[in-house]
Amino acid sequence: MYYIGTDLGTSAVKLLLMKENGEICNIVSKEYPLSFPRSGWSEQNPLDWWQAVTAGIRELTKNYKKEEICGISFGGQMHGLVILDENDTVIRPAILWNDGRTAKETEYLNTVIGTDKLSDYTANIAFAGFTAPKILWLQKNEPENFSRICKIMLPKDYIAYRMTGVHSCDYSDASGMLLLDVKNKCWSKEMMEICHIKENQLPALYESYEITGSLTETAAAQLGLTTNCKVAAGAGDNAAAAIGTGTVGNGGCNISLGTSGTIFISSDTFRVDENNALHSFAHADGGYHLMGCILSAASCNKWWMEEIIGTNDFAGEQESIKNLGENNVFFLPYLMGERSPHNNPNARAMFIGMTMDTTRSDMTQAVLEGVAFAMRDCYEIAKKIGISLTETKICGGGAKSPLWRKILANVLNLPVTIIESEEGPGLGGAILAAVACGEYPSVQAATEQIVKIVKTESPEPDLVAKYEKKYEYFKKLYPTVSGLYH
């Protein structure tokens, strides 16, 4: 039997076909446009997602028996606001996770409502990318669109709806809306009142590995599959990536170096850090997780390489970097503002420490190190609430760089393990589909069979000591320049 994992990303959907034993049989990607209507805004048309998914699944499965494709599930970009009218028609383009228009609404939630209340209601505080501030922005700035809302959805859940006709959402993705009572896994009545919405405007909640429905006749015809194909709720991209890397149960950790970057720590128990610097979310394995999210990670390197120095030879640019732990150039990686732990959408990137003998490779190295130091900022918060890690897995486009993996291992002073497949969210989605269809008794049982470690990058004591000194300098930079960001 076969299972499809759907990784609905910011620039493309990546579709993965997996056999029941975890073997990856085929992968297809389909791109779609990203719109920036104003400075700091970020939107997409949900219909573009659906067109990419339908074309991609047809291509993915064209050489396989359709009746043997038993299930589909998802990893998807989180926090995006998708709104449907009474006919389930998309009202306006989706406002995405990396959209920064909601500064006023975020400030209102954190200061007028108050972070203490928000933490009590949802286990989190407001960030500009979250869904609830977007709803408040919509009510104020597009009241006609707000009045037409019959359903509020997240990006991957719109695709699931097009497949099943069911308005669904899983707990991990719902955790990032600032509408979910994470501890008790239900919609927060207080947050619905604050956002002036009703529970019937929100989707039904499921565990990530639960079946929400089967393909409708219309969807089956569009996808080239059968109506016997089941659809599982899926997960937010980071939780799905964690499943795809086997980061489940208590004390697991995964770092994702994608467009954004995350440090994801799984836990059997619910917990919140004192200042809500880390997100406290439900996990796709049925437990919980803490997550630090930096809004620009591999995208920093892509921006530096392609837009600034004008090359696509990412590996070639890194070959000359030898002086790890000795670079005097630093980079603050806040190209799209920052979330964890600073919660400042107005933060901006900068280089500091250049001299007349600074080289191109010094600047490249600073970009890689800046992202690693930002990850360390998040890890330090986890340490303060008693979390002690023994290793971390890694996934995402940036994980393909041996140099970046080495930098991370020594900045964090943790072994960084590389798994056989780097298809984190897509593989996680396929695993969730397999669990939903009964191939495995639990998510943890599935990952123990499917996810295989192939290499470990271990920290080197001398290099760890050098990077410790550099981090002590780095962590002073944001407090020093934060007043310039207003």
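Before reading on, note that the structure itself is shown above.
Residues numbered from 1 in each chain as written. Predicted model: local features only at pLDDT ≥ 70, side-chain atom pairs only at ≥ 80, totals over all residues. Heavy atoms only, no water.

Visitor: Run through the overall build of the chain, naming residues and quoting values.
Guide: Each helix and strand in the chain was counted, giving 16 helices and 24 strands. For a compact globule of 486 residues, the expected C-alpha radius of gyration is about 23 Å, and the chain comes in at 21 Å, within 12% of that figure. Over its C-alpha atoms, taken along the principal directions, the chain stretches across nearly 65 × 50 × 45 Å. Buried positions account for 61% of the 486 residues belonging to the chain. Counting only contacts in the chain whose residues sit at least 6 apart along the sequence, the fraction spanning at least 24 positions is 72%. Surface accessibility of the chain: about 18500 Å² in total, with carbon and sulfur atoms responsible for 47%. (Helix = DSSP H or I, 4+ residues; strand = E, 2+ residues; numbered from the N terminus. Rg over C-alpha atoms; globule rule 2.2 N^0.38 Å. Buried < 20%, exposed > 50% of the residue type's maximum accessible area, 1.4 Å probe, protein only. Contact = heavy atoms within 4.5 Å. Areas by Shrake-Rupley, 256 points an atom, 1.4 Å probe, with all protein chains shown as cover.)

Visitor: An account of the sheet that holds strand β16 (residues 253-257) is requested, with residue identities and associated values reported.
Guide: One open sheet holds the seven strands; their spatial order is β18-β19-β17-β16-β22-β23-β24, and the pairing between them is mixed. The open sheet is flanked by β18 (279-282) and β24 (453-457), the only strands paired with a single partner. Each neighbouring strand pair of the sheet contributes to a mean axis angle of 30°, computed without reference to strand direction. Summarising the sheet, strand β23 (residues 416-419) and β24 pair through four bridges and their orientation is antiparallel. Residue pairing for β24: I419 is matched across the bridge by I453. Here helix α13 (residues 402-412) sits on the sheet in contact with β16, β22 (392-395), β23 and β24, set at roughly 60° to β24. (Pairing = 2+ DSSP bridges. Axes fitted to C-alpha atoms, helices over the stretch in contact; angles between N-to-C directions.)

Visitor: Before we move on, can you summarise the side chain of D157 with the specific residues and values?
Guide: Along the chain, D157 turns up in helix α5 (residues 155-164). The exposure class assigned to D157 is buried, which follows from its relative accessible area of 0%. Non-local contacts of D157, meaning those with residues more than four positions away in its chain, are made with S168, C169, D173 and A233.

Visitor: Talk me through the packing of helix α1 (residues 46-61) against α5; I want residue IDs and the actual numbers.
Guide: Interaxial distance between α1 and α5 falls to 10 Å at its minimum, and their mutual angle equals 60°. Classified by the angle their axes make, α1 and α5 are oblique. Of the two possible hands of crossing, α1 and α5 adopt the one that is right-handed. Here P46, L47, W49, W50, V53 and I57 of α1 lie close against α5, whose contacting residues are P155, Y158, I159, R162 and M163. Its residues assigned to classes, the contact of α1 with α5 shows 10 nonpolar, no polar and one charged. (Parallel < 35°, antiparallel > 145°, perpendicular 65-115°, else oblique. Left-handed = near helix turned anticlockwise from the far one by under 90°. Nonpolar A, V, L, I, M, F, W, Y, C, P; charged D, E, K, R; others polar.)

Visitor: I'd like to hear about the packing of aromatic side chains, residue by residue, with values.
Guide: Counted according to the given criterion, the structure contains 17 aromatic pairs. With centroids separated by 6.1 Å and ring planes inclined at 70°, the aromatic side chains of F373 and Y467 adopt a geometry described as edge-to-face. A residue pair is termed long-range when its members are at least 10 positions apart, and F373 in helix α12 (residues 360-384) and Y467 in helix α16 (residues 461-481) qualify at 94 residues. Here F373 matches Y467 in class, with each residue buried. Note on F373 and Y471: the rings are 6.1 Å apart at their centroids and 40° apart in plane angle, and the pair reads as tilted. With F373 in helix α12 and Y471 in helix α16, this residue pair connects regions lying 98 residues apart in the sequence. For the residue pair F373 and Y471, the accessibility class agrees, reading buried in each case. (Phe/Tyr/Trp six-rings, centres within 6.5 Å; stacked < 30°, edge-to-face > 60°.)

Visitor: Can you break down unusual backbone geometry residue by residue, with the values?
Guide: Following S340, the chain continues to P341 via a peptide bond in cis, the omega torsion being -5°. Mapping P341 onto the fold places it in the loop between β20 (330-332) and β21 (350-352). We note that D88 has phi near 60°; this positive angle belongs to a residue other than glycine. Non-glycine residue H196 carries a positive phi angle of around 60°. Within the fold, H196 resides in the loop between α7 (189-194) and β12 (204-206). Judged by its relative accessible area of 49%, H196 is partly exposed.

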